[in-house]
Amino acid sequence: MLKLAMLTDLHCQQPADGEEDKSYFLTNRTGSEITVDAMAALEHLISDKRLTADLLFCGGDIGNRWDPQGISTAWSALHKIRELIEAKDLYATTGNHDLDSRYIKNQIDPRLFLQSLKPRYPVEEEEDFLRYWAQHYYAKEHDGISICAINSCAHHGMGEKEHHHGRIDSFTLDQLRQAKSDGIIGDTGILLCHHHPIAHSGIKVPDYDKMEMGDKLLELLSGWGSWLVIHGHKHHPRITYAPGVDGQGPTIFSMGSFSATLWPEIAAKEANQFYILEIEKTGYGELRGEFSAWDFIYGEGWVPSLHHRSIPHKGGFGHRLNLGDIIPKIQTKLIEANTHLSWDEIEKQIPELRHLIPQDRKTLLKAITESSGPLTAENSGTGDVQFAINRGTE
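The following paragraphs examine the structure supplied in this document. Quantities reported herein were computed from a predicted structural model and do not represent experimental measurements.

### Regarding helix α4 (residues 126-135)
When α4 is considered as a whole, its buried residues turn out to be Asp128, Phe129, Arg131, Tyr132 and Trp133. Within two residues after α4, His136 carries a phi angle of roughly 70°, on the positive side.

### Re the nonpolar core
Counting residues in hydrophobic clusters, the biggest one holds 69 residues, and the most contacted among them are Ile190, Ile230, Phe253 and Phe274. Ignoring sequence-local partners within four residues, the contact set of Ile230 consists of Leu4, Met6, Phe57, Ile190, Leu191, Leu192, Cys193, Phe253, Met255 and Leu277. Core analysis: the next-biggest nonpolar cluster, separate from the first, contains 21 residues, Ile150, Ala179, Leu191 and Leu221 among them.

### A few points about the packing of helix α8 (residues 323-337) against helix α10 (residues 358-369)
Orientation of α8 relative to α10, taken along the N-to-C sense of each, is 65°, at an axis distance of 11 Å. Put simply, α8 runs roughly perpendicular to α10. Along this stretch, α8 crosses α10, giving a crossing that reads as right-handed. Between α8 and α10, the residues in contact are Leu323, Ile326, Ile327 and Ile330 and Leu364, Ala367 and Ile368, respectively. Classifying every residue of the contact of α8 with α10 gives 7 nonpolar, no polar and no charged.

### A word on the pairing of strand β13 (residues 287-297)
For β13, the buried fraction is high: 8 of the 11 residues fall into the buried class. Both strand β12 (residues 272-281) and β13 contribute to a ladder of 10 bridges, which runs antiparallel. Within β13, the position partnered with Ile279 by the bridge is Gly289. What sits between the antiparallel neighbours β12 and β13 is a turn of 5 residues, in which Gly285 has the positive phi angle 80°. Both β13 and strand β15 (residues 314-317) contribute to a ladder of 4 bridges, which runs antiparallel. By the bridge assignment for β15, Ser292 is matched with Lys314. Here 4 bridges tie β13 to strand β14 (residues 301-304), and the two strands are oriented antiparallel to one another. When the sheet's bridge partners are listed, Phe296 is paired in β14 with Trp302. Between β13 and β14, which pair antiparallel and follow one another directly, the connecting turn spans 3 residues, one of which, Gly299, has a positive phi of 100°.

### Examining the pattern of salt bridges
Per the counting criterion, the structure on display carries 18 salt bridges. Note that Asp54 and Lys88 form a salt bridge whose closest N and O atoms lie 3.4 Å from each other. Residue Asp54 is located in the loop between α1 (38-49) and β2 (55-58), and its partner Lys88 is located in the loop between α2 (68-84) and β3 (89-92); the two are separated by 34 residues in the primary sequence. Note that Glu125 and Lys140 form a salt bridge whose closest N and O atoms lie 3.9 Å from each other. You can see Glu125 sitting in the loop between α3 (112-115) and α4 and its partner Lys140 sitting in strand β4 (residues 137-142), a full 15 residues away along the chain. Here Glu125 falls in the partly exposed class, since its relative accessible area comes to 29%. On the accessibility criterion, Lys140 (18% relative accessible area) is buried. Here the residues in one salt-bridge network are Glu125, Asp128 and Lys140, joined through shared partners.

### Considering the sheet that holds strand β10 (residues 238-241)
With mixed pairing, 6 strands are arranged side by side in an open sheet as β4-β5-β7-β9-β11-β10. A single partner strand is all that each edge strand has here, and the edge strands are β4 and β10. Recorded for the sheet is a direction-independent mean angle of 15° between the axes of neighbouring strands. Sheet topology places β4 next to strand β5 (residues 145-150); 6 bridges connect them, and they run antiparallel. The residue of β5 that forms the bridge with His142 is Ile145.

The rules behind these values
- Residues numbered from 1 in each chain as written.
- Predicted model: local features only at pLDDT ≥ 70, side-chain atom pairs only at ≥ 80, totals over all residues.
- Heavy atoms only, no water.
- Buried < 20%, exposed > 50% of the residue type's maximum accessible area, 1.4 Å probe, protein only.
- Helix = DSSP H or I, 4+ residues; strand = E, 2+ residues; numbered from the N terminus.
- Core = buried A, V, L, I, M, F, W, Y, C linked by side-chain atoms within 4.5 Å.
- Contact = heavy atoms within 4.5 Å.
- Axes fitted to C-alpha atoms, helices over the stretch in contact; angles between N-to-C directions.
- Parallel < 35°, antiparallel > 145°, perpendicular 65-115°, else oblique.
- Left-handed = near helix turned anticlockwise from the far one by under 90°.
- Nonpolar A, V, L, I, M, F, W, Y, C, P; charged D, E, K, R; others polar.
- Pairing = 2+ DSSP bridges.
- Salt bridge = Lys/Arg side-chain N within 4 Å of Asp/Glu carboxyl O.

Right, here's the structure in full:
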């Protein structure tokens with residue numbers, strides 16, 4: 001079992017002069033504002049709940065609009081979180097806000113400030129650091145699971161419109177293939193990037209900025225085996241499955257922003273989030289996992305994510321929903337119990353339910369509640385679900 005602590009899109013900035021701040025994480029923080037400062041609140045959550053993780057992942061945009069002070073503050077804070085949560089390593093990747101791609105303060109190379117950070121950014125080991133900046137990726141291995149981070153902002157500042165979207169190019173894809181051939185990358189793994197490799201619909205915000213050639217990346221991963229792709233950038237949390245070989249494409253975990261103020265279209269339904277993800281590799285080499293998520297509520301701090309969020313407080317991934325398979329199993333357990341059972345009680349008897357992504361869980365409940373089949377499911381409105389036999393069909 002590998003446990004990850006995950007966050008993205010901090011957008012740390014200096015307090016805005018005469019403008020509205022774009023983040024709940026500012027450079028003038030004192031560390032004591034646990035209800036209004038997202039990072040101070042996270043330090044409190046970790047200590048209060050005694051949270052731990054093996055690794056800390058950050059999906060980029062640690063600063064806002066290439067604010068060097070914000071980037072430095074955020075990078076130091078992330079290393080403090082790594083220590084507090086007792087993670088062995090911090091793995092990060094670059095977001096579009098982390099690069100001086102418009103050459104505002106550096107007329108030579110938009111990457112130089114990031115490359116000068118201490119500890120090294122985005123990864124400490126020198127070989128990985130050099131590979132990331134030269135070949136746009138680095139790769140590690142933990143508990144038999146490959147960890148790979150790619151730089152989807154590698155071309156920002158190199159072309160007139162490159163900063164408008166992400167990209168993985170044929171050169172980097174070839175480097176990944178070579179790393180796989182050399183045994184640096186295995187069949188099963190986790191890929192961290194900033195931009196989304198697949199179209200991210202579902203919100204009324206234009207989706208013009210996805211990773212160019214992201215489909216080629218997903219095709220590559222799908223051909224290797226079971227992969228989880230974790231990304232940031234959209235500020236809109238979502239877990240889905242990408243198309244793939246034999247319908248078994250990678251799981252895509254889109255992290256919500258940790259502390260950026262959200263677009264109204266997103267804020268109406270979602271919140272800033274932080275995650276703990278526990279991942280295991282099955283005997284068949286497939287990845288599956290369970291997550292815990294917290295919402296940052298300004299004035300309160302970090303609280304368990306609400307059940308109606310796209311990523312609620314508890315859930316999982318790795319079991320692809322088959323209604324024809326799962327509904328009879330639930331029916332059998334209810335008949336054996338001869339009484340109604342809660343979701344938690346059913347889940348203990350049918351473990352694959354723990355690994356349904358949130359959307360598949362909603363699909364299952366909708367199929368039961370809107371049909372006149374053998375089961376009924378009542379939702380209390382707080383996320384508590386009760387299953388029962390539909391006596392009207394007997």
